[in-house]
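Chain residues, written in single-letter form:
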Amino acid sequence: MKHPTIGRRRIFAVGSLAVTALAAAVTVTLLAGNAEAASTLGAQAATTGRYFGTAVANGKLGDSTYVSILDREFNMITPENEMKWTSTEPSRGNFTFGAADNIVNHALAHGQRMRGHTTVWHNQLPTWVSSITDANTLRSVMNNHITTEMTHFKGKIYAWDVVNEAFADGSRNHRSSVFQNVLGNGFIEEAFRTARTADPGAKLCYNDYNIEDWNAAKTQGVYSMVQDFKNRGVPIDCVGFQSHFGSGGPPSTFQTTLSNFAALGVDVQLTELDIAQAGTTAYSNTVKACMNVSRCAGITVWGIRDTDSWRTGENALLFDGNGNKKAAYNSVLSALGGGTPVSNPPTTPGSTGQAGALRGVGSGRCLDDPNSSTTNGVQPQIYDCNNQANQRWTFTSGGALQVLGKCLDAYAKGTTAGTKVVLWDCNGGTNQQWRMNSDGTITGVQSGLCLDVSGAGTANGTLVALWTCNGGSNQKWTRS
Ligand code: XIL
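Residues numbered from 1 in each chain as written. Predicted model: local features only at pLDDT ≥ 70, side-chain atom pairs only at ≥ 80, totals over all residues. Heavy atoms only, no water.

Some remarks on helix α9 (residues 187-198)
Where we set the bar: Numbered from the N terminus, helices here are DSSP runs of H or I no shorter than four residues, and strands are runs of E no shorter than two. Here, expected helix span is obtained from the residue count minus one, scaled by 1.5 Å. Three labels apply to residues, based on accessible area from a 1.4 Å probe with only protein chains included: buried if under 20% of the type maximum, exposed if over 50%, partly exposed otherwise in between. Here a residue-residue contact requires only that any non-hydrogen atoms of the pair lie within 4.5 Å.
The first and last C-alpha atoms of α9 sit 16 Å apart over twelve residues, in line with the 16 Å expected at 1.5 Å per residue. Looking at α9, one finds that the buried residues are Phe187, Ile188, Glu189, Ala191, Phe192, Thr194, Ala195 and Ala198. Looking at the buried residues of α9, the elements they touch are β3 (113-120), α7 (135-152), β4 (159-164), α8 (178-183), β5 (203-208) and α10 (217-232).

So, the pairing of β4
The test is simple: What makes two strands pair is DSSP finding at least two bridges between them.
Most of β4 is tucked away, with six of its six residues classed as buried. Of the strand pairs in this sheet, β3 and β4 are connected by four bridges, and their pairing is parallel. Within the sheet, the bridge partner assigned to Gly116 lies in β4 and is Trp160. Sheet analysis places β4 next to β5, joined by five bridges and oriented parallel. Within β5, the residue paired with Trp160 across the bridge is Leu204.

Here's the deal with the pattern of salt bridges
To be explicit about the condition: Salt bridge, as used here, is a side-chain nitrogen of Lys or Arg placed within 4 Å of a carboxyl oxygen of Asp or Glu.
Across all of its chains, the model carries 19 salt bridges by this definition. Close ionic contact of Asp169 with Lys218 constitutes a salt bridge, the shortest N to O distance being 2.9 Å. With Asp169 in the loop between β4 and α8 and Lys218 in helix α10, this residue pair connects regions lying 49 residues apart in the sequence. Across the pair Lys203 and Asp267 runs a salt bridge whose closest N-O atoms are separated by 2.9 Å. Remark: Asp267 occurs in strand β8 (residues 267-275) and Lys203 occurs in strand β5; sequence separation between them is 64 residues. Asp267 matches Lys203 in its accessibility class, with the two residues each being buried. Three or more residues joined by partner-sharing salt bridges are found here, namely Lys60, Asp63, Arg305 and Asp308.

Here it is as structure tokens:
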């Protein structure tokens, strides 16, 4: 389909709320057991290790119908407009993150993960940027924008759309944009390198539309770029397929496209799915294409109710204007029940930049921040692995293990067996640095002690602490 024209909508800047206040007000939502596993999009996707997300507009977080569907069905959020350049750096060096912070805080308080969208894009770009003609100026403006924005949200973003829509329709080449015209072909690579340094824990994605058909020139152009990046070691972890489809749904080659990209060694994600008239077959074909590709990590729809969609009058989403489930909802829910489990590249407990669950070998349960608390001093426990943000640990280049923006910390710099392990504000201290060992153990850099499931317990809620390394399976961890 023709890509709809981008219109500018009003963006509401709402002051950010304290995460702790929100977290305290929220009861535990993570205890949903298996009985519920098949009844919502997010829970159903999680049964194969995938996520199901939606675009969220900050201005709608006061709408109770909207928020109740959001928190019931979705475990990944992309800000619809709030992380774009016009929203985050409206004038040079003036960074405004309030509206995006509000969405991120909502996600943290409700166990949802975040996709960051987007740092470098020719649309929703302020004219002070698009009018730059000097390459050195633009290079430093672009890199500063990426670095400042990604640093602001560091530790809280699962994947970033580092560059959005850089290729021209009907062509293998980049489109005309200020970045292309002033910096040349290398701007995409430069943006990805800058992004990796800014937040090594986030997956870095290239995101585009009309790249779903394997036979399209544009698809081939993006494929060649990703192949080249992989060959030369340019950091890229994922490709986002926007999936704004006409009423016929995805092209017949969509699954082929997803698996061919995945074979290059990147995750693939459906990032902005909507389908004119929301046909049940069109939707289920789309979902199945992802479910059949083991590196298809998840699906995000571009809004909740038809009335929330940027595609006015096209009835393109899964809920009607009243918030009722449409027929397409049921076809998506059932398609999410099939397919192959998600697979990621083989891992040890952690290499730098890696984010994901840490599963205890002895218990089979995952290292978990109880109730997604971000209060200093909370003690991590083991709990049923549920693929939620409070079980997603990022191992940073500084050796920290971060969850929900907090760092795993040997309490009061203790170095004796039995020292509590807590979450604390990240401060770079040696008691917040960890070594991932090839035998699966995780040792504190300051103490040399091992991260140990107390008493070799296996029950939900068993705490972890530091203990003398002894080779036990309660001291071994795998990434999952
Ligand atoms: C759209 C938003 O949904 C609208 O609210 C806004 O007016 C324009 O942008 N590709 C993208 C998204 O990457 O950011 C766009 O979102 C839709 C097309």
